[in-house]
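Inside the fold
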Amino acid sequence: MLGAVGVGFVCAVYASCFFGESFKESAAEVIKGLGQQAAVEALMNTAKGLAAAVLNPTAAGAYFAAAAGFGVAATAAGVASASLGGGGGGGASAPLGTPQIAPSQSESRPSPHR
């Protein structure tokens, strides 16, 4: 994971130098991405722990401990990203930053009164 962090910061520096983004904003986005990855890892390890509880109960504790560690890392990354102005580490971001807004009732169907 350290390699991913290094690559992320290299990308942040590149973006800030060549595309005019501030380094602070770029770093916040990198940290946000790492937080999202940690959140997914927490969910994956929780699922593995549940499966291990049935199939290999002695291994389940290690998966749950890993899930807790990734959860803490995801939370810390979200807080750090938000403090840098990156919007936190949470959830439903779309690829390439496209907004995820449903059209309103009037936009989705033409009105019969027009």
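Right, let's walk through the structure included here.

Rules and cut-offs
Position numbers for residues count from 1 along each chain, tracking the sequence in the order it is written. pLDDT decides what is reported in this predicted model: residues at 70 or higher carry local features, side-chain atom pairs at 80 or more are listed and counted, and totals for whole chains, interfaces and linings draw on all residues regardless. Note: side-chain values were computed over all heavy atoms of the structure, leaving out hydrogens and water. Runs of H or I in DSSP of at least four residues are treated as helices and runs of E of at least two as strands, each being numbered from the N terminus. Here's how the labels work: a residue is buried when its accessible area is under 20% of the maximum for its type, exposed when over 50%, partly exposed in between, all with a 1.4 Å probe on protein chains only. Only heavy atoms enter the contact rule, under which two residues are in contact if any of them lie within 4.5 Å. In short, Shrake-Rupley with a 1.4 Å probe defines the accessible areas, and a residue's cover is counted only from the protein chains shown. Only the contacting stretch of a helix is used when fitting its axis, a line to C-alpha atoms as for every element, and angles between N-to-C directions run 0 to 180 degrees. Working rule for angles: under 35 degrees goes down as roughly parallel, over 145 as roughly antiparallel, 65 to 115 as roughly perpendicular, anything else as oblique. Rotating anticlockwise by less than a right angle from the far helix to the near helix defines a left-handed crossing, while the corresponding clockwise rotation defines a right-handed one. Amino acids are sorted into nonpolar (Ala, Val, Leu, Ile, Met, Phe, Trp, Tyr, Cys and Pro), charged (Asp, Glu, Lys and Arg) and polar (every other residue, Gly among them). Here, expected helix span is obtained from the residue count minus one, scaled by 1.5 Å.

**What about the overall build of the chain?**
Along its length, the chain carries 4 helices and 0 strands. In the chain, the succession of helices and strands from N to C terminus is α-α-α-α. Counting every position in the chain, which comprises 114 residues, the buried fraction comes to 24%. Within the chain, residue pairs in contact and separated by at least 24 positions form 46% of the contacts whose partners lie at least 6 positions apart. When the accessible surface of the chain is totalled, it reaches about 7700 Å², and 68% of it is carbon and sulfur.

**Here we look at the side chain of Asn45**
For Asn45, the position within the fold is in helix α2 (residues 23–55). Given the relative accessible area of 9%, Asn45 is considered buried.

**Some thoughts on the packing of α2 against helix α3 (residues 57–83)**
Relative to each other, α2 and α3 sit at 165°, their axes nearing to 7 Å. With respect to α3, the axis of α2 lies roughly antiparallel. Between α2 and α3 the crossing geometry is left-handed. Here the residues of the contact of α2 with α3 sort into 22 nonpolar, 6 polar and 3 charged.

**Concerning α3**
With 27 residues, α3 should reach 39 Å at 1.5 Å per residue; the first-to-last C-alpha distance of 40 Å fits that figure. If you check which residues of α3 are buried, you get Ala60, Ala67, Ala74, Ala77, Gly78 and Ser81. Elements that come into contact with the buried residues of α3 comprise α2. Of the residues flanking the end of α3, it is Gly85, one or two places downstream, whose phi is positive at about 95°.

Function cannot be read off these values alone, since they describe shape.
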